[in-house]
Structures are given as C-alpha cells and as structure tokens.
Amino acid sequence: MKLGIVGLPNVGKSTLFNAITNAGIPADNYAFCTIDPNVGVVAVPDERLEWLRDLHNPKKFTPAVIEFVDIAGLVKGASRGEGLGNKFLSNIRTTDAIIHVVRCFDDSNVTHVEGSTDPLRDIDIINLELIFSDVEMCERRIDKAQKAAKGGDKRFVREAEVFQGLLAHLNEGKLARTYDCSDEDRALIATSDLLTLKRTIYAANISESDVEAPEDNVYFKQVKALADAEGSLVLPICAKLEADIAELDDPEEKAMFMEDLGLKQSGLDRLIKASYDLLGLISFLTAGSDECRAWTIKRGTKAPQAAGKIHTDFERGFIRAEVIAFEDMKACGTMAAAKAKGLVRSEGKEYVMKDGDIVNFLFNV
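Source: prediction; values computed, not measured.

## What about the state of the cysteines?
One pass over the structure, following the stated rule, counts 0 disulfides. This cysteine, Cys181, is not joined by any disulfide, and Cys138 carries the nearest cysteine sulfur, 11 Å off. Taking the relative accessible area as the measure of exposure, Cys181 reaches 17% and is therefore buried. As a non-bridged cysteine, Cys292 has Cys332 as the owner of its nearest cysteine sulfur, 17 Å distant. Take Cys292: its relative accessible area is 0%, and that puts it in the buried class.

Right, dumping it as structure tokens:
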C-alpha cells in the first residue's frame, strides 16, 4: 500500500511523516521546508505475525509494508506557480489513497500560511489545487481519445465523452470521487491517476490538550462533518505527541508514556487501521520454518487470487487451500494440535479469504 501526504505548509505534515516513519526529515516552522518528496516505508504492526514468528523461529520474517510519500506543502494558486507550484503532485498520482493533514489547533508560535486557523478553508484550498491538476489530466486524456477516435474506434469516442462529462464536473470545483456515473464509466475513469478520485483520510492535527477528547475540538467537528458528507475518514492525531512517542526506543517506556496520555494505540497503528478500512484491505498469513509473512489483499478476494499474490503459478495451478483461523491456531498452540482437533479446513476455489487466515496453498502446474 502506498499513501500520499498532502496539506498546506506548517500544518504538521512533515512532523507527522517523521513520527510515523522515523525518517528524521526537516520539519521546521517555515513554509516549504519540504522540497523534494520524502518517502518512508514502514512495517505494518501485526501481533498475529509476531506470534507465528515466535512459534516457528523462521529464517525470514516479512510483515506487510506501507510506503508514505510526503510532498511539499501546497498553497493557494499552486497551479499557477505560487509557492513551489504543484509540480510535486506527480509524485503521489500512483498512491492508493491520500492522507490530507489539516491543522486543527491554535498556536501563535506556529505560523499559518493563511494567517489563521480555519480547517474548512484549508481543505478547500488543497482540494481546489488537486482539482486544477486533475483538469489538466482530463484535458490530455480527452485529446488523446479524440485523436484515437479518428480511426473509427467507438471505444475512444465513448472515452472522450466520459471524460468530457467528468471535466465539466471538475470545472464546477467538484471532486472526481463525487462524480455520479455508471459503474462502467466509473471503471473507465479509474484507469486514470486522478488525485481527487483517490479515497482520503483527513488527519486532523490537534493540540496535546485535545488528545483525550478530540470530539470537543470545534475544528475537529468541522472536519468530521465534511468527511462524513463525502464518505471519507477523519483521524484525530497530535503530530507533536506522535513525534515524541517515536523518539522513545524502549517499548515499555513508550507504553507507559502512551498510557499516561490516555492513548491505546500510536498514531501509526491507528492510521494503518484506518487505511486498511478505507481501502477494504485485509491480511492473510503464511508461516513455517523458512518464512513467516503477511500478505495484503482486498476484502472479498477468493483463495486462488490470494494464492496469486504469492506467485502466479499458485493461482494458475490452484488445487486447494489448507486454512486455519489465527485465533484457533493460537488457542491450540501448534499446527499438529489444531489438525488433531479438526480445525484446519480444506477450502476450494470459491472460498473467500478472511482476515487473519493462516494458509498453505496446494497447487500443480
């Protein structure tokens, strides 16, 4: 999974990126501190996989990973070259979703590029810049389709019509993901890398004093109402505190610090869970003396296609899957004990994978 981080300058974007990736990039209190895109890859915490690692002591341990891409802050007029312009948006076109960091705290010591705290205004500024970038993409797609349609291929005629409809929608200042169209047209639009088509998590950056009760923060309430209306997610997070947590190396010290703050999970853990929920993702596990590994798939994926994530031969020659739920495995302690209790199932091609399934695929090519 690959997530792009956007926001105005000085809203806590790079501070949050530092905290979740431990990358240690600059996060100073001035606009455009981030210039070149920053990329960080983090392992997805999974206690189930760690339990399997302790059981098997494998040669390799491979958790799922998420790649975060942090680009320079956008400002009003970025599409016209204001600030650093919008040239860095190309770096997040291939991401699966966007994390939109929004400032939801007042602090006279932290400069706001617009002069005041107003999350809805800030969101509008960023969304408008993303829309302007998508308009350019749409226009290029229409031009390309129209040229191809001169050969008489009706598919390209239809493609041009679909993107012309979407272009009109974007020109009204509306996001691509709110465009009402048929499933067939939506599938065609999805072949483009439009930024406003991507699912979004609003990371509401709150102050330390609001951590225990973010719902009391008026700015957070505004962002949540907007997110609910457009089908996005909102995550209250204090980037400064997350940065403090990330600096603690001792797990016990970190746990105590979080407990004192009333935090059950780190911002990274909550962000990962929100990302999986937003994109409809789950993990299945493979385990043995050679390797313990987590594999990320779409919810609703059937066994052969899940096997194909490991290797195309597994899907092509799929015979069956030996499956046990993690909780059953943990309760039994060993695979032998689980088999003795009849908890290891033999599943065929129509089996829909469940989160936490431990699987051994049998195949023949």
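## Here we look at the side chain of His169
Mapped onto the fold, His169 is located in helix 4 (residues 154-170). With sequence-adjacent residues up to four places away left out, His169 is seen in contact with Lys174, Leu175, Thr178 and Tyr179.

## Comments concerning helix 6 (residues 218-230)
Under the 1.5 Å per step criterion, the end-to-end length of helix 6 is 19 Å for 13 residues, consistent within 8% with the ideal 18 Å. Those residues of helix 6 lying buried are Tyr219, Phe220, Val223 and Ala227. One side of helix 6 carries all its buried residues, which in axial view fall inside an arc of 95°. If you follow the buried residues of helix 6, they end up packed against strand 5 (97-103), helix 3 (119-149), strand 6 (199-205) and strand 7 (233-237). Between a side-chain oxygen at the N-terminus of helix 6 and the backbone nitrogen of Tyr219 the separation is 2.7 Å; the capping residue is Asn217.

## A short note on the pairing of strand 6
Each regular strand carries side chains that alternate between the two faces of the sheet. Burial analysis of strand 6 places 6 of its 7 residues in the buried class, which makes it a mostly covered element. In the sheet, strand 5 pairs with strand 6 via 7 bridges, with the strands oriented parallel. Opposite Arg103, over in strand 6, you have Asn205 as the bridge partner. Inspection of the sheet shows strand 6 paired to strand 7 by 5 bridges, in the parallel sense. Among the inter-strand pairings, Asn205 is bridged to a residue of strand 7, identified as Ile237. Regarding the hand of the β-α-β motif, the stretch spanning strand 6, helix 6 and strand 7 is right-handed.

## Quick look at the confidence of the model for the protein chain
In the predicted model, the protein chain carries a mean pLDDT of 87, and the fraction of residues at 70 or more is 91%. For the protein chain, per-element mean pLDDT is lowest for strand 2 (residues 38-43), which scores 81, and highest for strand 10 (residues 318-325), which scores 97. Confidence over residues 23-35 falls short of pLDDT 50; this stretch has 38 contacts with residues more than four positions distant or in other chains. In this model residues 81-85 is a low-confidence stretch, pLDDT under 50, and it forms 11 contacts with partners more than four residues away in sequence or in other chains.

## Quick word on a nonpolar patch on the surface
On the surface, Val39, Val41 and Val65 cluster together into a nonpolar patch covering about 260 Å² of accessible area. In this fold, Val65 is placed in strand 4 (residues 65-70).

## Observations concerning the pattern of salt bridges
Going through the model one piece at a time under the given rule, you end up with 24 salt bridges. Between Arg345 and Glu347 there is a salt bridge whose closest N-O contact spans 2.8 Å. Salt bridges here are not isolated pairs; linked through shared partners, they connect Asp46, Arg48 and Asp355.

Analysis parameters
- Residues numbered from 1 in each chain as written.
- Predicted model: local features only at pLDDT ≥ 70, side-chain atom pairs only at ≥ 80, totals over all residues.
- Heavy atoms only, no water.
- Disulfide = S-S within 2.5 Å.
- Buried < 20%, exposed > 50% of the residue type's maximum accessible area, 1.4 Å probe, protein only.
- Helix = DSSP H or I, 4+ residues; strand = E, 2+ residues; numbered from the N terminus.
- Contact = heavy atoms within 4.5 Å.
- Expected span 1.5 Å × (residues − 1).
- Arc of directions from axis to C-beta.
- Polar contact = N/O pair within 3.5 Å; in protein donor to acceptor, adjacent residues only side chain to side chain.
- Pairing = 2+ DSSP bridges.
- Right-handed = clockwise from strand over helix to strand, strands pointing away.
- pLDDT = per-residue confidence, 0-100.
- Patch = residues over 30% accessible without salt bridge, like charges linked within 9 Å, V, L, I, M, F, W, Y side chains within 5 Å.
- Areas by Shrake-Rupley, 256 points an atom, 1.4 Å probe, with all protein chains shown as cover.
- Salt bridge = Lys/Arg side-chain N within 4 Å of Asp/Glu carboxyl O.

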